[in-house]
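What follows is each chain in one-letter form.
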Amino acid sequence: MRIVICEDSVLLREGLVRLLEDAGHEVVAALGDTDGLPEAVADLDPQLCILDVRLPPTRTDEGIRAAVSLRTSRPELPVLVLSQYVEERYASELIAGRGGALGYLLKDRVADVAEFLESVDDIAAGGTVFDPEVVAQLLGRRARDERMRRLTDREATVLALIAEGKSNQAIGRTLHISEGSVEKHITAVFQKLELEQDDSGNRRVLAALAHIAHGGMPPQTGELS
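Parameters at a glance
- Residues numbered from 1 in each chain as written.
- Predicted model: local features only at pLDDT ≥ 70, side-chain atom pairs only at ≥ 80, totals over all residues.
- Heavy atoms only, no water.
- Pairing = 2+ DSSP bridges.
- Helix = DSSP H or I, 4+ residues; strand = E, 2+ residues; numbered from the N terminus.
- Axes fitted to C-alpha atoms, helices over the stretch in contact; angles between N-to-C directions.
- pLDDT = per-residue confidence, 0-100.
- Contact = heavy atoms within 4.5 Å.
- UniProt positions renumbered as here; feature names shortened; annotations may be inferred.
- Buried < 20%, exposed > 50% of the residue type's maximum accessible area, 1.4 Å probe, protein only.
- Polar contact = N/O pair within 3.5 Å; in protein donor to acceptor, adjacent residues only side chain to side chain.
- Parallel < 35°, antiparallel > 145°, perpendicular 65-115°, else oblique.
- Nonpolar A, V, L, I, M, F, W, Y, C, P; charged D, E, K, R; others polar.
- Right-handed = clockwise from strand over helix to strand, strands pointing away.

- The chain has the name Response regulator transcription factor in an unreviewed UniProt entry, where Microbacterium schleiferi is given as its organism.

Overview of the sheet that holds strand 2 (residues 26-31)
1) Next: Strand order in the open sheet formed by six strands is 2-1-3-4-5-6, and the pairing between neighbours is parallel. The strands lining the two open edges of the sheet, one partner per strand, are strand 2 and strand 6 (128-130). Strand-to-strand twist across the sheet, computed as the mean angle between neighbouring axes with direction ignored, equals 15°.
2) Next: Sheet analysis places strand 4 (residues 79-83) next to strand 5 (residues 102-106), joined by five bridges and oriented parallel.

Thoughts on the confidence of the model for the chain
1) Next: On average, the chain scores 82 in pLDDT, and the residues at 70 or more come to 81%.
2) Next: Across residues 216-225, where pLDDT falls below 50, the model places 27 contacts with residues more than four positions away in sequence or in other chains.

Points about the UniProt feature "modified residue: 4-aspartylphosphate" (unreviewed entry) in the chain
1) Next: Per the UniProt annotation, the sites labelled "modified residue: 4-aspartylphosphate" (unreviewed entry) are Asp-52.
2) Next: Residue placement: Asp-52 occurs in strand 3 (residues 48-52).
3) Next: Overall, Asp-52 belongs to the buried group, its relative accessible area being 5%.
4) Next: With sequence-adjacent residues up to four places away left out, Asp-52 is seen in contact with Cys-6, Glu-7, Asp-8, Gly-63, Ile-64, Leu-82, Ser-83 and Lys-107.
5) Next: At 3.4 Å, the side chain of Asp-52 and the backbone nitrogen of Arg-54 are in polar contact.

Notes on unusual backbone geometry
1) Next: In this structure, the amide linkage connecting Pro-56 to the following residue, Pro-57, adopts the cis form with an omega of 10°.
2) Next: Summarising the element assignment, Pro-57 is placed in the loop between strand 3 and helix 3 (62-73).
3) Next: Phi angles above zero are rare outside glycine, and Asp-45 is one such case at about 50°.
4) Next: Mapped onto the secondary structure, Asp-45 falls in the loop between helix 2 (37-44) and strand 3.

Quick notes on the packing of helix 7 (residues 153-163) against helix 9 (residues 179-192)
1) Next: Orientation of helix 7 relative to helix 9, taken along the N-to-C sense of each, is 95°, at an axis distance of 9 Å. Relative to helix 9, helix 7 is oriented roughly perpendicular. Within the contact between the two elements, helix 7 uses Arg-154, Glu-155, Val-158, Leu-159 and Ile-162 and helix 9 uses His-185, Ile-186, Ala-188, Val-189 and Lys-192.
2) Next: Residues of the contact of helix 7 with helix 9, tallied by class, amount to six nonpolar, one polar and three charged.

Regarding the pairing of strand 5
1) Next: In terms of residue burial, strand 5 counts as a mostly covered element, since five of its five residues are buried.
2) Next: Side chains Leu-102, Tyr-104 and Leu-106 of strand 5 all project onto a buried face; the interleaved residues Gly-103 and Leu-105 project onto the opposite face, where all are buried too.
3) Next: Direction of pairing for strand 5 relative to strand 6: parallel, over a ladder of three bridges. Among the inter-strand pairings, Tyr-104 is bridged to a residue of strand 6, identified as Phe-130.
4) Next: You can see the chain leave strand 5, run along helix 5 (residues 113-124) and come back into strand 6, and the turn it takes is left-handed.

A few points about the packing of helix 8 (residues 168-175) against helix 9
Two numbers describe a pair of packed helices, the interaxial angle and the distance between the axes.
1) Next: Two elements in contact, helix 8 and helix 9, have axes separated by 9 Å at closest approach and are oriented at 105°. Classed by the angle they form, the pair helix 8 and helix 9 counts as roughly perpendicular. Contacts between helix 8 and helix 9 pair Asn-168, Gln-169, Ile-171 and Gly-172 from the former with Glu-179, Val-182, Glu-183 and Ile-186 from the latter.
2) Next: Here the contact of helix 8 with helix 9 is built from residues that sort into three nonpolar, three polar and two charged.

Laid out in structure tokens, this is it:
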């Protein structure tokens, strides 16, 4: 997989290059800021772009602005954003934008090499992966979307686990229910959120993003009716 990295910390940038190349990926560009990023993406046609939220010159929101721009100009390009801390405003802004596969992880997650590489593969394959800490903070607000109020406690829990990137099988294990029951809950969620099936098959992602964008209750793993 061809990857472009945009990270101002030399140590982390070089560490990511080594980690990804050792895993068999090709880092086609490793930049310290967003200067030249659009050109690198256009010329090198990467299959994934990894960006830090805060980049020079101001180290405020250059990275997230670049990520939002990429998701608008190249919606087919998977984007993974790395952040030192949970930055709810930036995460919400990124999620609210248009685009395809997306990841938002805290930099601490890179230390768990196997999990990080799995997340990279999932995002590159079209998945949506959010750091559990990011999800927890985004879901800590009370729901403002009336559609969310239609969900039962169990359905809200299933949706929150979807937002964490869990598969149906993993949700079933977490809640101690069968995959068939998980599928029934997900179908109910889609109906209540008014997400009609289409050829892109992206209702799962849309449901997760709706949950995160509008707030919701954090996952409850106990037995609910």
